[in-house]
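Tertiary structure, described
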Amino acid sequence: MINAKLASQSHSEHQTIVKLSETVAFGGDELVIIGGPCTVESLEQMQMVAETLSTAPVQALRGGVYKPRTSPYAFQGMGETGLDVLAKVRSQYNIPVVTEVMSISQIPIVAAHADMLQVGSRNMQNFDLLKALGEAGKPILLKRGLASTIEEFVMAAEYILSHGNPDVVLCERGIRSFDNYTRNVLDLGAVAALKQITHLPVIVDPSHAVGKRELVAPLAKAAVACGADGLIIECHPEPEKSVSDARQALSLEDMLSLVDCLKPVAVAVGRSIAIKTGVDVKSAPIFCAA
Ligand code: PEP
Ligand code: MN
């Protein structure tokens, strides 16, 4: 029994819809797919990503500008210059953008540039940040802590809701376990449980869950099959050259193929994906294989 007052499902039919823009919303029949690199590296990079992904049913772009890196010597993100890149691409391609906010002091500037503020796994229990995000005036993408229980995850959402922001989307991104062949373990049981316990939209990040590009597609399909309301997937114009998380980045072409292959899975579970791309799915058999 989870002691959440606002995040708990009080009526089996109730589903919160979180609007990202006039035309994009989480929690309805249509899945929301977010794509983009781990890190914003340049305007040209993000324009190439937006140019390609806007031909597909990818409804939002991702890209970190404040990066929580394991090593303090690793690239920490472009910061405000990166926010300007996101804002430019957002208006040029008329596509919403999602980016991480790591501290309270970053909230105003990130909220001024992005449509949705991501709380990274490492900050899921940064309670002061969660409280402040209650007043951010923007939807929040709350990622599950790398070693958090479902209850801790729901209660983290409760912090944001109880401080005034009803627009919270939960994101399962894998949890730590003993096996390190995959980066984390995607907890699809948590996705199913969260859909029952809460009324909030739940999306899945297969990229950080599995950490290897060749395993992203099967997990994405499984996530849709088990009821996720959307996906956030890392992709890059030159995946091997990504400044962070290169091993899990899809090429833009593979991202388009993957989105196409998700359509029948979505339909099978009563959801939809608007297919705009003319990608030849036969050219990507590993993506469409069962
Ligand atoms: C990310 O989305 O790039 C990221 C750092 O994710 P997580 O917080 O889930 O590790
Ligand atoms: Mn990443």
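Residues numbered from 1 in each chain as written. Chains lettered and ligands numbered in written order. Predicted model: local features only at pLDDT ≥ 70, side-chain atom pairs only at ≥ 80, totals over all residues. Heavy atoms only, no water.

1. Some points on the overall build of the protein
Heads up, the condition is: Secondary structure elements follow DSSP: runs of H or I of four or more residues count as helices, runs of E of two or more count as strands, with numbering from the N terminus. Note on exposure labels: buried denotes an accessible area under 20% of the residue type's maximum, exposed denotes more than 50%, and partly exposed covers the range between, all computed with a 1.4 Å probe on protein chains only. Throughout, a contact is declared for two residues whenever any of their heavy atoms are within 4.5 Å.
Counting secondary structure elements, the protein contains ten helices and eleven strands. Taken over the C-alpha atoms alone, the protein extends approximately 50 × 45 × 40 Å along its principal axes. Per-residue burial over the protein gives 55% buried out of 290 residues. Contacts in the protein between residues far apart in sequence, at least 24 positions, make up 69% of those at least 6 positions apart.

2. Focus on the nonpolar core
Where we set the bar: Nonpolar cores were defined as sets of buried Ala, Val, Leu, Ile, Met, Phe, Trp, Tyr and Cys residues, with membership established by side-chain atoms within 4.5 Å.
Membership of the largest hydrophobic core comes to 71 residues, with the highest contact counts inside it found for L53, L61, L117, L133, L142, L170 and M255. The element contributing the most residues to this core is helix α9 (residues 252–268), with eight residues. Contacts of L61, omitting those with residues within four sequence positions, involve I34, G35, M46, V49, A50, L53, V89, I95, P96, V97 and V98. The next biggest cluster of nonpolar side chains, apart from the first, holds 14 residues, and it includes V24, V98, M116 and I232.

3. Examining the confidence of the model for the protein
Filter applied, for reference: Residue-level confidence of the predictor is summarised by pLDDT, bounded by 0 at the bottom and 100 at the top.
The share of residues in the protein with pLDDT of 70 or more is 94%, and the mean pLDDT across the chain is 94. Mean pLDDT across the elements of the protein ranges from a minimum in helix α10 (residues 285–288), with 55, to a maximum in strand β7 (residues 140–143), with 99.

4. Details of the coordination of the manganese ion (ligand 2)
Quick note on the threshold: Ligating atoms shown are N, O and S within 2.8 Å of the metal, or 3.2 Å for Na, K and Ca, and water is not included, meaning a site may look less than complete.
Within the protein, the manganese ion (ligand 2) binds to C38 (SG), H208 (NE2), E234 (OE) and D245 (OD); these donor distances fall in the range 2.0 to 2.4 Å. One chain supplies every donor to the manganese ion (ligand 2), and in sequence these donors are spaced C-x169-H-x25-E-x10-D. Taken together, the positions of C38 in the loop between β3 (32–36) and α1 (43–53) and E234 in strand β10 (residues 230–236) put the pair 196 residues apart, joining distant regions of the chain. Each member of the pair, C38 as well as E234, is classed as buried.

5. A short note on unusual backbone geometry
The residue N94 is not glycine, and still its phi comes out positive at about 50 degrees. Turning to its location among the elements, N94 is positioned in the loop between α2 (80–93) and β5 (97–100). Even without a glycine there, the phi angle at D245 is positive, about 55 degrees. Locating D245 in the fold gives a position in the loop between β10 and β11 (250–251).

6. Considerations on the packing of helix α5 (residues 150–162) against helix α6 (residues 188–197)
In plain terms, the rule: Between N-to-C directions, angles cover 0 to 180 degrees, with each direction set by a line fitted to C-alpha atoms, over the stretch in contact for helices. An angle below 35 degrees is read as roughly parallel, one above 145 as roughly antiparallel, one from 65 to 115 as roughly perpendicular, and any other as oblique. By the definition used in this description, the sense in which the near helix is turned from the far one sets the handedness, with an anticlockwise turn below a right angle giving left-handed and a clockwise turn giving right-handed.
Orientation of α5 relative to α6, taken along the N-to-C sense of each, is 45 degrees, at an axis distance of 11 Å. Relative to α6, the element α5 is oriented oblique. Helix-helix and strand crossings are classified by hand; for α5 and α6 the assignment is right-handed. Along the contact surface, α5 presents I150, F153 and V154, while α6 presents A190, A193, L194 and I197.

7. Some details on the state of the cysteines
Two cysteines joined by a covalent bond between their sulfur atoms form a disulfide. Our working rule: In what follows, a disulfide is any cysteine sulfur pair within 2.5 Å.
If you walk through the whole model with that rule in mind, you get zero disulfides. Sulfur of C171: no disulfide; nearest cysteine sulfur belongs to C226 and is 13 Å away. Its relative accessible area of 0% is what places C171 among the buried residues.

8. Looking at the site of ligand 1
Using the following cut-off: Throughout, near means a residue has at least one heavy atom within 4 Å of the molecule or strand. Counted as a polar contact is a pair of N or O atoms within 3.5 Å, where, for protein atoms, one must be capable of donating a hydrogen and the other of accepting one, and residues adjacent in sequence contribute only when both atoms are in side chains. Each accessible area value is a Shrake-Rupley result obtained with a 1.4 Å probe; residue values ignore everything except the protein chains displayed when judging cover. Each residue receives one of three labels: charged for Asp, Glu, Lys and Arg, nonpolar for Ala, Val, Leu, Ile, Met, Phe, Trp, Tyr, Cys and Pro, and polar for the others, Gly being one of them.
In the neighbourhood of ligand 1, the contacting residues comprise C38, R62, K67, Q118, G120, S121, R122, K143, R173, H208 and E234. Q118 is positioned with one of its side-chain polar atoms (N or O) 2.9 Å from an oxygen atom of ligand 1. Here an oxygen atom of ligand 1 and a backbone polar atom of S121 are 2.7 Å apart. Protein chains bury 97% of the 290 Å² of accessible surface belonging to ligand 1 in isolation. In the shell around ligand 1, the residues fall into one nonpolar, four polar and six charged.

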